[in-house]
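What follows is each chain in one-letter form.
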Amino acid sequence: MRSAPPATLALAALSFVACSGAPREVATPAPPPASAGACPARPACDAPPPPALPRGFRHTRSRDVASGWPRHRGRDLFVRADGPQWAIAKFAYGPQDDDLEDEDVEAYLLRGCSGAWERLGAFRTSDDDHLHPTTEGIPDTGGRVYLDLTAGRRLEVGRHRVHLAVVGDGTSADLFIEVLPPDARVAVTDIDGTLTSSEVAVVGELLGGGPPAAHPGAAAAMHALAGSGVHLFYVTARPEWLVGNTRVWLREQGFPPGILHTTIGVTGAFGGAAARYKTVELDWLKARTGIVPLFGFGNMPSDVATYTAAGIPPSRCFYYKLDADLRGGVGHDDYRRLVPALFTPPACAP
């Protein structure tokens, strides 16, 4: 993301979204036609979750907290079949992002994004007196659940969805887990200004406007990568409570499924802080999976610095309308020209 937008707009956006409801649900658009020999599309994982029947809260104070709009969010993860496998989510409400503490959450798993939902059990959200150790880089500030998925049958290579519903009122959060094969390849892409029509397009949406447009051809470029077996890592310095809105935007604009990460905080990150955040994310990916992304997409000097430091091959780093030192990267102004020139796969690769 660009250096901080005007303070008045940023504060207005924060105020508006803090009081807004859950992101709208939209139909999943059909992906572009696959190239000959392309890998099968990753599953949309959009099966309706089990119905949640509110059964009331354990604590009277929780009813007051839940009078605000739900801002629950799950944390997507890349994992290995033989490594740690966690489902992590946060439950909070209202303009102050008030934590839902010491309340029960029902968890369900859609293994392989197919078949029947599996009930994992009921789990208690954390509070200040019962915090969970930092796990997968996510510190516990209250209102979180950490589910060790290796306690049961491990997730196998593929895409999986975890659905978590608050017992008290039936509100929910979702997260996705990609279990990577040993030879997996990953592409990382920024969102604001890289995929969206401008750096601050999301502000207009949060102030009541329509969703920002995607750059022409951007979704097709990501589908071409996915069609050649590349896993997509969407990394944005937006605040954590925008996970749901961002998921909807990606789906609505026709982008293929991937793993989505935001900052953990409630204000997001800008400028140097955004670069440091993305560096931490790519360090986490390498530490957890051994993978350095094969492709990188950005639109800011901070993206150039981050991708260079991460060791992504410069010739596979693509920067949209960026007039700066690209350090060997490729500048472009039209994703539609990138698709046939660089990404059409001759055959499926793992």
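Details of the structure are given in the entry above.
Within each chain, residues carry numbers counting from 1 in the order of the written sequence. At least 70 in pLDDT is required for a residue's local features to be given in this predicted model, at least 80 for side-chain atom pairs to be given and counted, and no such filter applies to totals for whole chains, interfaces and linings, which use all residues. The side-chain figures draw on all heavy atoms in the structure; neither hydrogens nor water molecules are used.

Visitor: Help me understand the overall build of the protein, please; the structure alone is not making it clear to me.
Guide: Helix and strand content of the protein: eight helices and 16 strands. Classification of residues uses two cut-offs on accessible area relative to the type maximum, computed with a 1.4 Å probe and protein chains only: under 20% is buried, over 50% is exposed, and between them is partly exposed. Taken over 350 residues, the protein has a buried fraction of 54%. When checking whether two residues touch, look at their non-hydrogen atoms; a contact exists if any pair is within 4.5 Å. If you take every contact in the protein between residues at least 6 apart in sequence, the share linking residues at least 24 apart comes to 69%. Working definition: helices are DSSP H or I runs of at least four residues, strands are E runs of at least two. Numbering for both runs from the N terminus.

Visitor: What should I look at first to understand the sheet that holds strand β3 (residues 86-90) in this one?
Guide: In sheet architecture, strand pairing relies on hydrogen bonds along the backbone and comes in two forms, parallel and antiparallel. Two strands pair under a simple rule: DSSP has to find at least two bridges between them. Strand order across the open sheet formed by three strands is β1-β3-β8, with antiparallel pairing between neighbours. Sheet topology places β1 (73-75) and β8 (144-148) at the edges, where each strand pairs with a single neighbour. On average, each strand axis in the sheet is inclined to that of its neighbour by 20°, with strand direction left out of account. Of the strand pairs in this sheet, β1 and β3 are connected by three bridges, and their pairing is antiparallel. Note that in β3 the partner of Arg73 across the bridge is Lys90. Axes, fitted as lines to C-alpha atoms, cover a helix only where it is in contact. Angles between the N-to-C directions of the axes lie from 0 to 180 degrees.

Visitor: Where do I start with the side chain of Gln85 in this structure?
Guide: Mapping Gln85 onto the fold places it in the loop between β2 (77-80) and β3. Beyond its immediate stretch of four places on either side in the chain, Gln85 contacts Val79, Arg80, Leu147, Asp148, Leu149, Thr150, Arg154, Leu155 and Val179.

Visitor: Any chance you could explain the state of the cysteines here in plain terms?
Guide: A covalent bond bridging the sulfur atoms of two cysteines is what the word disulfide describes. Any two cysteine sulfur atoms within 2.5 Å of one another count as a disulfide. Per the counting criterion, the structure on display carries one disulfide. Between Cys45 and Cys113 runs a disulfide, and the two sulfur atoms are separated by 1.9 Å. Across the S-S bond linking Cys45 and Cys113, the dihedral sits near -95°, which makes this disulfide left-handed. Remark: Cys113 occurs in the loop between β6 (104-110) and β7 (118-124) and Cys45 occurs in the loop between α1 (7-18) and α2 (60-65); sequence separation between them is 68 residues. The class of Cys45 is buried, set by a relative accessible area of 5%. Taking the relative accessible area as the measure of exposure, Cys113 reaches 12% and is therefore buried.

Visitor: Got a minute to help me understand the pattern of salt bridges in this structure?
Guide: If the charged atoms of two oppositely charged side chains come close together, the side chains can form a pair. In what follows, salt bridge is the name for a side-chain nitrogen of Lys or Arg lying within 4 Å of a carboxyl oxygen of Asp or Glu. In the structure shown here, the tally under the stated rule is 23 salt bridges. Among the ionic pairs, Arg161 bridges to Asp174, the shortest N-O distance being 2.9 Å. Here Arg161 is found in strand β9 (residues 158-166), whereas its partner Asp174 is found in strand β10 (residues 172-180), with 13 residues between them in sequence. Asp334 is the salt-bridge partner of Arg337, the closest N and O atoms lying 3.9 Å from each other. For Arg337, a relative accessible area of 52% gives the class exposed. You can call Asp334 buried: its relative accessible area is 13%.

Visitor: Explain helix α6 (residues 271-289) to me, please; I cannot follow it from the model alone.
Guide: One full turn of an α-helix is made of 3.6 residues, so residues set three or four places apart face in the same direction. One less than the residue count of a helix, multiplied by 1.5 Å, gives the span that helix is expected to have. Across its 19 residues, α6 extends 27 Å between first and last C-alpha, which sits within 8% of the 27 Å expected from 1.5 Å per residue. Restricting attention to buried positions, one finds in α6 the residues Gly271, Ala274, Ala275, Tyr277, Lys278, Glu281, Leu282, Trp284, Leu285 and Thr289. Once α6 finishes, Gly290 follows within two positions and takes phi at roughly 80°, a positive value.

Visitor: Help me understand unusual backbone geometry, please; the structure alone is not making it clear to me.
Guide: The general pattern is negative phi for most residues beyond glycine and trans for most peptide bonds. Even without a glycine there, the phi angle at Asp102 is positive, about 55°. Since its relative accessible area comes to 17%, Asp102 is described here as buried. Located in the positive-phi region is Cys113, a residue other than glycine, with phi close to 60°.

Just distances and angles here, no functional claims.
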